[in-house]
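# Report on the structure
The residues making up each chain are set out below.
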Amino acid sequence: MSAVDPRAAVAAPSMSRFRQFYVLTKPRVVQLIVFCALIGMVLAVPGLPSWAELRLMVLACLGIWLVAGAAAAFNCVVEKGIDARMKRTAWRPTAKNELGDGQTLTFSALLCIGGSALLYLSVNALTMWLTLATFVGYAVVYTVILKPLTPQNIVIGGASGAMPPVLGWAAMTGDVGPEAMILFLIIFLWTPPHFWALALYRVEDYRKSGLPMLPVTHGNEFTRLQVLLYTLILFAACLLPFVYGMSSWLYLAAAVVLSLGFCAYGFQLWRSYSDALARKTFRFSLIHLSALFAALLLDHYLL
């Protein structure tokens, strides 16, 4: 959302307690995380999965969802002061002090313990440890250390956000192969242009928050150049599944079209900036990643 939804502002005071805890898990973000993890699971299994493998996928997705939701809730506690100063996050229950720190931390701990136990008992220990490491990377290394200290926070911290397909691959195979690392690399390189497009048209929010985001510390023009350069590097990374033999021409065609589109947005943004174009670039970045992984999925089953 580009601004606070007036309807959300009206509805927030009457939000049920269940709803308050639910929104702390950042459902839209977690849905994308689980989707990317599921792609890693599917690609790790040759052909159609058996019933036992489908059951394992469901349990792994649930465990990853719980731990990812725990990390999101923890993030809401740490950043509640920042959230309160930013229009797009001021409605969160922690920012409005509708939920106390103790309540939120307890909720986060329960989700993390439950998800970790599920992964350990029903999936495998490697997936549990990798998921916990992702939790620490996002909730502590990124949120507590990197985000308030360096404008490269989203680049370094992007490693946590790129882990879902690795978690999915580990859940089905018990190890981490080069295919999983290719998927990791794609998301890792996708994250900076995706996030900086948002930061460009939300720069005043970030300036007020005191966070050293790239548009605040290095300016609009420099950030736009970085967005363009990352889309070009990302284009190359998106070709790796085909080059390595993970996919065939169907994925290649989708990757080329989607990546050319992202590069075109990056180029337009670099040449002639507007907030409206930055919003369009941000929205297209979401389409790019979702469609790219969907193409991998279709390619896996159809060819």
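Up top you'll find the structure we're talking about.
About the thresholds
Starting afresh in each chain, residues are numbered from 1 along the sequence in its written order. Residue-level local features of this predicted model are given only where pLDDT is at least 70; pairs of side-chain atoms are given and counted only at 80 or more, and the full residue set underlies all totals for whole chains, interfaces and linings. Side-chain figures throughout are based on the complete set of non-hydrogen atoms in the structure, without hydrogens or water. For salt bridges, the criterion is a side-chain nitrogen of Lys or Arg within 4 Å of an Asp or Glu carboxyl oxygen. Here a strand is any run of E in DSSP of at least two residues, a helix any run of H or I of at least four, and the numbering for each starts at the N terminus. Only protein chains enter the accessibility calculation, which uses a 1.4 Å probe; a residue whose area is less than 20% of its type maximum is buried, one above 50% is exposed, and one in between is partly exposed. Angles run from 0 to 180 degrees between N-to-C directions of axes, and those axes are lines fitted to C-alpha atoms, restricted for helices to the stretch in contact. For classification purposes, angles smaller than 35 degrees are called roughly parallel, those larger than 145 roughly antiparallel, those between 65 and 115 roughly perpendicular, and all remaining angles oblique. It is the rotation of the near helix from the far one that decides the hand of a crossing: anticlockwise by less than a right angle makes it left-handed, clockwise makes it right-handed. Here a residue-residue contact requires only that any non-hydrogen atoms of the pair lie within 4.5 Å. Ring pairs shown here join Phe, Tyr and Trp side chains whose ring centres sit within 6.5 Å, with only the six-membered ring taken for Trp; geometry is labelled stacked below 30 degrees between planes, edge-to-face above 60, and tilted in between. Residues were grouped as follows: Ala, Val, Leu, Ile, Met, Phe, Trp, Tyr, Cys and Pro as nonpolar; Asp, Glu, Lys and Arg as charged; and all remaining residues, including Gly, as polar. We call a set of buried residues a nonpolar core when its members are Ala, Val, Leu, Ile, Met, Phe, Trp, Tyr or Cys and they connect through side-chain atoms within 4.5 Å of each other.

Okay, the pattern of salt bridges next. Taken as a whole and judged by the stated rule, the model has 3 salt bridges. Among the ionic pairs, D101 bridges to K80, the shortest N-O distance being 2.9 Å. Taken as a pair, D101 in helix α6 (residues 101-122) and K80 in helix α5 (residues 80-85) lie far apart in primary sequence, 21 residues in all. The class of D101 is partly exposed, set by a relative accessible area of 30%. For K80, a relative accessible area of 26% translates into the label partly exposed.

Closest axis-to-axis distance for the helix α10 (residues 178-201)/helix α13 (residues 219-238) pair is 9 Å, and the angle between their directions is 155°. Overall, the two elements α10 and α13 adopt an arrangement that is roughly antiparallel. Judged by the twist between their axes, the crossing of α10 over α13 is left-handed. Of the residues in α13, those in contact with L185, I186, L189, W190, P192, P193, W196, A197 and L200 of α10 are N220, T223, R224, Q226, V227, Y230, T231, I233, L234, A237 and C238.

On to the packing of aromatic side chains. Under the defined criterion, the tally for this structure stands at 10 aromatic pairs. Geometrically, the ring pair formed by F195 and Y206 is tilted, given 6.2 Å between the ring centres and 50° between the ring planes. You can see F195 sitting in helix α10 and its partner Y206 sitting in helix α11 (residues 203-209), a full 11 residues away along the chain. The class of Y206 is buried, set by a relative accessible area of 1%.

For the rest of this paragraph, the subject is the packing of helix α3 (residues 27-44) against helix α16 (residues 275-302). Close contact between α3 and α16 brings their axes to 10 Å; oriented N to C, the two are set at 25°. On the basis of their axis angle, the class for α3 and α16 is roughly parallel. For α3 against α16, the interelement crossing comes out left-handed. Between α3 and α16, the residues in contact are L32, F35, C36, I39, V42 and L43 and L289, S290, F293, A294, L296, L297, H300 and Y301, respectively. The residue makeup of the contact of α3 with α16, split by class, is 12 nonpolar, 2 polar and no charged.

Next up on the list: unusual backbone geometry. In the Ramachandran plot, K26 falls in the positive-phi region, its phi being about 50° despite a non-glycine side chain. As for its placement among the helices and strands, K26 is situated in the loop between α2 (17-24) and α3.

Core analysis: the biggest nonpolar cluster contains 72 residues, and M41, I186, W196, Y206, Y251, L292 and F293 have the highest contact counts within it. Membership of the second largest hydrophobic core comes to 14 residues, among which are L66, L99, F107 and L111.

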